Amino acid sequence: MKKIPYGRQNITDEDIQAVVETLKGDWLTQGPKIGEFEKAFAEYVGAKYAVAVSNGTAALHLCTLALGVNKNDKVITTPITFAASANCVRYARGEVVFADIDPETYLLDINEVEKLLKAAPKGTYKGIIPVDFAGRAVDMEAFRNLADEYGCWLIEDACHAPGGYFTDSKGNIQNCGNGQFADLAIFSFHPVKHIAAGEGGMITTNDEVLYRKLLNLRTHGIQQDASKKIYDHGGWYYEMQELGFNYRLTDIQSALGLSQLQRAEQGIEKRREIAKKYHQKLQETSFIKGQSGVVPGHAYHLYVIETENRKELFDYFRSLNVIVQIHYVPLHLMPYYRQFGWKEGDFPNAENYYEHCLSIPMYPTLTDEEQAYVIDEINTFYSEKLSTVNHL
Ligand SMILES: *Cc1c(COP(=O)(O)O)cnc(C)c1O
């Protein structure tokens, strides 16, 4: 069997053609493809504005700047996420406060967040960064209500969930990153995510003020709106009004992202089919605790199982060239975050999840045969190999 990764990009001839056409054109870095990609992406998630940036981490960084995170500002997020969700707070010299996950959804537990907010004087916490972990949509309406009560802003880290959604209290479908509830949402176009652009990121919002601010911050803090300049020296004059960065995406990457976006919905459908099959085949096994059924609106960036003997199963799969992975080592246990006093035992649900979780292959081009192989090998492992596991 050839190597089966846990996730992988799918580049078609049309994608390649789109990139080649851009290379032959007049623009390599920020040109017309950026605007096209932003517009199409905003439409896809149902937000008013989108700002393309160089990667998801840059997107998070610009969000914390646009929202005015300052030294020692406290921001709450989940320990079960990629490091960038928390690091962006540190870039602005804020303080990261973790709260435990819900053991059923693996998402930041809103009750734990509420406990923190309740226990501190109002204004202590500036913001909350919930993550649509694995592709499962956070109930952003509930977070908005809580955030409003305590004067917090909300950044939705939707890197795992373009095309994901939840149903709000009125029965309406709310797409991840649609700007209805979160102030800002961010996405990544790293090859392992749903839409690959090599590297790339996107911020979506319905807030025009934040949108304009992000456009400036993306390019060194240079005012992008000519009518907002303070001075005028002549036709050559550009004006830097605040400290920004070069976080631009290139037209080459945008062409690829735009081409990939055309197949995004198809990809999600395939991911949901794969999830359904995993669920059907694994739910009867006593050794796997999968998520409780196939969740509507789940974008299935990852398919996570929980199991005893996780380390042995991980090693077994790796020996078969099935590149399973662990998402994630809890952030509060990273040496960098331990220096702030976080330690084992702080978040029992996150730590218990980490002891048992395994991301098994999930991507649209995973074939039926490959998926069947993965499922068979899980069964083989528990029925035959586990007793001799030390000899593997
Ligand atoms: C990938 C990812 C990021 C960062 O995106 P990059 O494009 O790799 O910088 C942030 N948060 C989450 C949850 C991610 O999965």
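Summarised in this report is the structure supplied together with it. Nothing here was measured: the structure is a model prediction, and the numbers come from that model.

### Re the overall build of the protein chain
And step 1. Regarding its fold elements, the protein chain presents 13 helices and 14 strands.
And step 2. Residue pairs at least 24 apart in sequence account for 73% of intrachain contacts in the protein chain once pairs closer than 6 positions are excluded.
And step 3. Total accessible area on the protein chain stands at roughly 17500 Å², and carbon and sulfur atoms take up 50% of it.
And step 4. Across the protein chain, the 39 positively charged side chains and the 51 negatively charged ones have centroids separated by 3 Å.

### A look at the site of the ligand
And step 1. With respect to spatial proximity, 15 residues lie near the ligand, and among them Gly 56, Thr 57, Asp 157, Ser 188 and Lys 193 are the closest.
And step 2. With respect to the ligand, the side chain of His 160 contributes an N or O atom lying 2.8 Å from an oxygen atom.
And step 3. Protein contact buries 93% of the 380 Å² of open area that the ligand shows by itself.
And step 4. At the level of secondary structure, the elements contributing two or more residues to the shell around the ligand comprise helix H3 (56-66) and helix H4 (84-91).
And step 5. Residues that form the shell around the ligand fall into these classes: 5 nonpolar, 8 polar and 2 charged.

### Observations regarding the packing of aromatic side chains
And step 1. Taken as a whole and assessed by the stated rule, the structure comprises 23 aromatic pairs.
And step 2. Note on Phe 41 and Phe 187: the rings are 4.8 Å apart at their centroids and 70 degrees apart in plane angle, and the pair reads as edge-to-face. Highlighted residues: Phe 41 in helix H2 (residues 32-45) and Phe 187 in strand S9 (residues 184-188), separated in sequence by 146 residues. Side by side, Phe 41 and Phe 187 carry an identical accessibility label, which is buried.
And step 3. Measuring from centroid to centroid gives 6.4 Å for Tyr 316 and Phe 317, while their planes differ by 45 degrees, and the two rings are tilted.
And step 4. Assessed through its relative accessible area of 0%, Phe 317 is described here as buried.

### Considerations on the pattern of salt bridges
And step 1. Taken as a whole and assessed by the stated rule, the structure comprises 17 salt bridges.
And step 2. Notably, a salt bridge pairs Glu 344 with Arg 338, separated by 3.0 Å at the nearest N-O pair.
And step 3. When salt bridges with common partners are traced through the structure, they connect Arg 144, Asp 148 and Asp 183 into a single cluster.

### Description of the pairing of strand S6 (residues 153-157)
And step 1. Of all 5 residues in S6, 5 are buried; the element is thus mostly enclosed.
And step 2. Here S6 shows two buried faces, one formed by Trp 153, Ile 155 and Asp 157 and the other by Leu 154 and Glu 156.
And step 3. Remark: the strand S5 (residues 125-129)/helix H6 (residues 140-149)/S6 crossover connection has right-handed handedness.
And step 4. Sheet analysis places S6 next to S9, joined by 3 bridges and oriented parallel. Bridging across to S9, Ile 155 finds its partner in Leu 184.

Rules and cut-offs
Residues numbered from 1 in each chain as written. Predicted model: local features only at pLDDT ≥ 70, side-chain atom pairs only at ≥ 80, totals over all residues. Heavy atoms only, no water. Helix = DSSP H or I, 4+ residues; strand = E, 2+ residues; numbered from the N terminus. Contact = heavy atoms within 4.5 Å. Areas by Shrake-Rupley, 256 points an atom, 1.4 Å probe, with all protein chains shown as cover. Lys, Arg positive; Asp, Glu negative; His and termini not counted. Charge placed at Lys NZ, Arg CZ, Asp CG, Glu CD. Near = heavy atom within 4 Å. Polar contact = N/O pair within 3.5 Å; in protein donor to acceptor, adjacent residues only side chain to side chain. Nonpolar A, V, L, I, M, F, W, Y, C, P; charged D, E, K, R; others polar. Phe/Tyr/Trp six-rings, centres within 6.5 Å; stacked < 30°, edge-to-face > 60°. Buried < 20%, exposed > 50% of the residue type's maximum accessible area, 1.4 Å probe, protein only. Salt bridge = Lys/Arg side-chain N within 4 Å of Asp/Glu carboxyl O. Right-handed = clockwise from strand over helix to strand, strands pointing away. Pairing = 2+ DSSP bridges.

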